[in-house]
Amino acid sequence: MLRARRIVVKVGSSSLTTASGGLDADRVDALVDVLAKARERGTEAEPVEIVLVSSGAIAAGLAPLGLEKRPSDLARQQAAASVGQGLLVARYTASFARYGLRVGQVLLTADDASRRAHYRNAYRTLEQLLAMGAVPVVNENDTVATAEIRFGDNDRLAALVAHLVRADLLVLLSDVDGLYNGDPSKPGTSRITEVRGPHDLEGIEIGSAGKAGVGTGGMVTKVEAARIATGAGIPVVLTAARHAADALAGRDTGTLFHRTGRRAADRLLWLEHASSPRGAVTLDPGAVTAVVERRTSLLPAGVTGVEGDFAAGDPVDLLDENGHIVARGLVNFDARELPRLLGRSTRDLARELGPAYEREVVHRDDLVVLSG
């Protein structure tokens, strides 16, 4: 049995809405019943805390705006989210009020996760809401997020939030009761009860779009979210919304993804999974080996090319000579000054340009390897 004191629960649009796209009050109430009862199992010494990452804002806004299906263009998605977000939070507020619980809305963009000050502010807000006994309801801020700064799906957002709040467990609720070794609608397929590592997923065909057609996720995004969370030391349960009570009680349900790693530094997790690179630098083979295999800092001598328009402190991709991304890091120079430093030693640069130039292009503490 999984014992968890702080749990992040993510629920998809298809588990909250009707076939026509509006909010289903009965489904919302059923979910809240489960979450509230899970909290009641805690004690004053060991309270059970719930953070809810909820999709459904865009889906909830479809019917009121006369839209028959989720629009493909960003502007109408944002309009639907603007209408639906208020409806969604109002429904949660009323539903949790039945248990005397308050709701706090937290809207995030990927930009909030990739800027350290924003990231810390989000952490403090969530911690304070939990300390005051409220239930944080987190969603992507679809009304203002541009295509470049969107998470794109709330599964990945949930994994990052789980890491942010130092959760003991991430529960991904869907319209499917777990991960299957094939199309669950076809005979002969079976549910995978446990995943202990990537080897358990070899040869498995993972489906994409959900059958309700109102969300952006699918099994691919859920497995990726599980990979992010478990790699950071957080176990994940993937199951159907109707089995939420079993998942929160630690009973056998759905698919359990065991933790595969230990908690990573916050900045490295967002650097890998939430940052949007502002440019790229190309490395010579020796620098690739040093960065990927020896985990050293990137020095100007190992850089052969610069792309993009970035400032010092921005995330950039590190490419090998064939253009493949091998790492990502926070660059210490802007795109205009970096070209004149290429291929030169820090000692020579310091002698010619001053001590400020005797530094790495990307320090190893601000770098995450993406291959190798």
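What you are looking at is a predicted structure, and each value in this text was computed from that prediction instead of being measured. (Residues numbered from 1 in each chain as written. Predicted model: local features only at pLDDT ≥ 70, side-chain atom pairs only at ≥ 80, totals over all residues. Heavy atoms only, no water.)

> Got a minute to help me understand the overall build of the chain in this structure?
Counting its regular elements, the chain contains 11 helices and 15 strands. Sequence separation of 24 or more characterises 71% of the internal contacts of the chain that already satisfy a separation of 6 or more. When the accessible area of the chain is evaluated, it comes to approximately 17000 Å², of which 48% is carbon and sulfur surface. (Helix = DSSP H or I, 4+ residues; strand = E, 2+ residues; numbered from the N terminus. Contact = heavy atoms within 4.5 Å. Areas by Shrake-Rupley, 256 points an atom, 1.4 Å probe, with all protein chains shown as cover.)

> What exactly am I supposed to notice about the side chain of Ser 15 here?
Looking at the element boundaries, Ser 15 is found in the loop between strand S1 (6-11) and helix H1 (25-40). If we skip the residues at most four places from it in the chain, Ser 15 touches Arg 27, Ser 174, Asp 175 and Ala 241.

> What am I meant to see in the sheet that holds strand S3 (residues 103-108) here?
Remark on secondary structure: sheet strands pair via backbone hydrogen bonds, oriented parallel or antiparallel. In space, the eight strands of this open sheet follow the order S3-S4-S2-S1-S5-S9-S10-S8, with mixed pairing throughout. Both edges of this open sheet fall to S3 and strand S8 (194-195), since each of them pairs with a single strand only. Pairing analysis gives three bridges linking strand S9 (residues 236-240) to strand S10 (residues 255-257), with the strands arranged antiparallel. Among the inter-strand pairings, Val 237 is bridged to a residue of S10, identified as Leu 256. Across the sheet, H1 is in contact with S1, strand S2 (49-54), strand S4 (135-140) and strand S5 (169-174); its angle to S2 comes to roughly 155°. (Pairing = 2+ DSSP bridges. Axes fitted to C-alpha atoms, helices over the stretch in contact; angles between N-to-C directions.)

> It is not clear to me how the nonpolar core should be interpreted in this structure. Could you clarify?
What tends to happen in soluble globular proteins is that the nonpolar side chains get buried as a cluster. Ranked by internal contacts, the top residues of the largest apolar core, which has 45 residues, are Val 8, Val 138, Val 161, Leu 170 and Leu 179. Contributing elements (two or more residues each) for this core: S2, S3, helix H5 (116-131), helix H6 (154-164), S5, helix H7 (219-231), S9 and helix H9 (266-273). Among the elements that make up this core, the one with the highest residue count is H6 (seven residues). The contact partners of Leu 170, leaving out residues within four places of it in the chain, are Val 8, Ala 158, Ala 159, Ala 162, Ala 229, Ile 234, Pro 235, Val 236 and Val 237. (Core = buried A, V, L, I, M, F, W, Y, C linked by side-chain atoms within 4.5 Å. Buried < 20%, exposed > 50% of the residue type's maximum accessible area, 1.4 Å probe, protein only.)

> Explain the packing of aromatic side chains here, please?
Each aromatic ring pair is described using two quantities: the centre-to-centre distance and the angle formed by the ring planes. The final tally for this structure, using the stated rule, is two aromatic pairs. For the pair Tyr 92 and Phe 96, a centre-to-centre distance of 6.3 Å together with 40° between the ring planes defines the contact as tilted. Of the two residues, Tyr 92 and Phe 96 are both situated in helix H3 (residues 74-97); the distance of four residues between them amounts to about one turn of the helix. The pair Tyr 92 / Phe 96 is uniform in exposure class, with both members buried. (Phe/Tyr/Trp six-rings, centres within 6.5 Å; stacked < 30°, edge-to-face > 60°.)

> Please explain H6 as it appears in this structure.
What sets the pattern is the α-helix's 3.6 residues per turn: residues three or four places apart point alike. Most of H6 is tucked away, with 11 of its 11 residues classed as buried. Within H6, burial applies to Asn 154, Asp 155, Arg 156, Leu 157, Ala 158, Ala 159, Leu 160, Val 161, Ala 162, His 163 and Leu 164. Note on H6: the residue one or two positions beyond its end, Arg 166, has a positive phi of about 60°.

> Sorry, what's going on with the pairing of S4 here?
By the criterion of burial, S4 is predominantly enclosed, with six of the six residues buried. Here S4 shows no split at all, with Val 135, Val 137 and Asn 139 on one side and Pro 136, Val 138 and Glu 140 on the other all buried. Both S2 and S4 contribute to a ladder of two bridges, which runs parallel. Within S4, the position partnered with Val 53 by the bridge is Val 138. Pairing analysis gives six bridges linking S3 to S4, with the strands arranged parallel. Of the residues in S4, the one forming a bridge with Gly 104 is Pro 136.

> Before we go on, may I ask you to explain the pattern of salt bridges in this structure?
If the charged atoms of two oppositely charged side chains come close together, the side chains can form a pair. Counted by the stated rule, this structure contains 16 salt bridges. Arg 98 is the partner of Asp 29 in a salt bridge, and the nearest nitrogen-oxygen pair spans 3.9 Å. With Asp 29 in helix H1 and Arg 98 in the loop between H3 and S3, this residue pair connects regions lying 69 residues apart in the sequence. Assessed through its relative accessible area of 17%, Asp 29 is described here as buried. Relative accessible area serves as the criterion here: at 44%, Arg 98 is assigned to the partly exposed category. Across the salt bridge formed by Asp 73 and Arg 76, the nearest N and O atoms sit 2.8 Å from each other. Among the residues examined, Asp 73 registers a relative accessible area of 29% and is labelled partly exposed. (Salt bridge = Lys/Arg side-chain N within 4 Å of Asp/Glu carboxyl O.)

> Mind showing me how you'd approach the layout of surface pockets here?
Rolled over the atoms, a probe with the dimensions of a water molecule shows which regions are left empty. Each pocket or cavity is described by its volume, and for the second largest pocket that value is around 600 Å³. Arg 227, Gly 231, Ala 232, Glu 272 and His 273 are, among the 27 residues lining the second largest pocket, the residues nearest its centre. The set of elements that each furnish at least two residues to the lining of the second largest pocket consists of H7, H9 and strand S15 (362-369). Tallying contributions element by element places H7 first for the lining of the second largest pocket, with seven residues. For the lining of the second largest pocket, the per-class residue count stands at 14 nonpolar, six polar and seven charged. (1 Å grid on protein atoms, 1.4 Å probe; cavity = no way out; pocket = protein on both sides within 12 Å on 5 of 7 lines; lining within 4 Å. Points joined across faces, edges and corners; volume = space filled by probe spheres on them. Nonpolar A, V, L, I, M, F, W, Y, C, P; charged D, E, K, R; others polar.)

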